[in-house]
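These are the residues of each chain, in order.
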Amino acid sequence: LAAGYLYTFFPALLFSLTGAFLGTLISFMLARWLGSDFVHLFFGKQKTQDYVKKLNSKRAYTIVFLIYLIPGIPKDIASYAAGVSEMKLKPFMLLSLIGRMPGMMGSIMIGSMWNKGEYFGMVVLAVLAVVAFCLCIIFRKRINAFLDKAYDKISH
């Protein structure tokens, strides 16, 4: 919101994506270099192991994407757990950035609209977000089937 309020859309998006990319990369690499004992210090052994188990499963790509897509879900532990899991850096970074994009773009747009006093646009964007959320719930089985096929293609 603040970036959208202070800058125009594209500079705000560039700054936000750069910061998110660097923060995610640093936490992933720290965990990879320092190991699971390091991650346990911050998040606890059981919680870390639960995340690592999910990130080592067939649904790992879907899980990473959804963690970063859904606002409010803690993302820090996902970055560190991914670093100590079997997940490769490139797909993790790609999925985390793609997952972040809709929420980041939406909040930047809202901040920008707020700065310009475009309150109707803010309401329209909020309605679109709720509709998209509802469609994802309704079509979740089809979405999961699609993501499973994509995983199979990417993994082999």
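Residues numbered from 1 in each chain as written. Predicted model: local features only at pLDDT ≥ 70, side-chain atom pairs only at ≥ 80, totals over all residues. Heavy atoms only, no water.

Student: Hey, could you run me through the overall build of the protein in this one?
Tutor: The helix and strand tally for the protein stands at nine helices and zero strands. From first element to last, N terminus to C terminus, the protein shows the α and β order α-α-α-α-α-α-α-α-α. For the protein, buried positions account for 34% of its 156 residues. Once local pairs closer than 6 in sequence are excluded, the contacts in the protein between residues at least 24 apart make up 73%. As displayed, the protein has an accessible area near 10,000 Å², and 71% of this comes from carbon and sulfur atoms. Between the averaged position of the 17 positive side-chain charges in the protein and that of its 7 negative side-chain charges there is a distance of 6 Å. (Helix = DSSP H or I, 4+ residues; strand = E, 2+ residues; numbered from the N terminus. Buried < 20%, exposed > 50% of the residue type's maximum accessible area, 1.4 Å probe, protein only. Contact = heavy atoms within 4.5 Å. Areas by Shrake-Rupley, 256 points an atom, 1.4 Å probe, with all protein chains shown as cover. Lys, Arg positive; Asp, Glu negative; His and termini not counted. Charge placed at Lys NZ, Arg CZ, Asp CG, Glu CD.)

Student: Just checking my understanding: could you explain helix 6 (residues 76-84) for this structure?
Tutor: Residue pairs spaced three or four apart in an α-helix point in one direction, given the helix's 3.6 residues per turn. The buried fraction of helix 6 is high, at seven of nine residues. Residues Ile 77, Ala 78, Ser 79, Tyr 80, Ala 81, Ala 82 and Gly 83 constitute the buried set of helix 6.

Student: Even after reading the chapter, I still don't get the packing of aromatic side chains, so can you show me in this structure?
Tutor: For any two aromatic rings, the description comes down to two numbers: the centre-to-centre distance and the angle of the planes. This structure, assessed with the given rule, holds eight aromatic pairs. Judged by centre distance (6.3 Å) and plane angle (55 degrees), the ring pair of Phe 38 and Tyr 80 falls under tilted. You can see Phe 38 sitting in helix 3 (residues 36-43) and its partner Tyr 80 sitting in helix 6, a full 42 residues away along the chain. Considered together, Phe 38 and Tyr 80 belong to a single accessibility category, that of buried residues. Arranged with centres 5.9 Å apart and planes meeting at 80 degrees, the rings of Tyr 68 and Phe 92 form a pair that is edge-to-face. Pair noted here: Tyr 68 is in helix 5 (residues 60-69) and Phe 92 is in helix 7 (residues 89-116), with a separation of 24 residues, a long-range link. As far as burial versus exposure is concerned, Tyr 68 and Phe 92 are alike and both buried. Taken together, Phe 38, Phe 42, Phe 43 and Tyr 80 form an aromatic cluster joined through their ring pairs. Note that Lys 54 overlies the ring of Tyr 51, its terminal NZ or CZ placed 5.9 Å from the centroid. (Phe/Tyr/Trp six-rings, centres within 6.5 Å; stacked < 30°, edge-to-face > 60°. Lys NZ or Arg CZ within 6 Å of the ring centre and 35° of its normal.)

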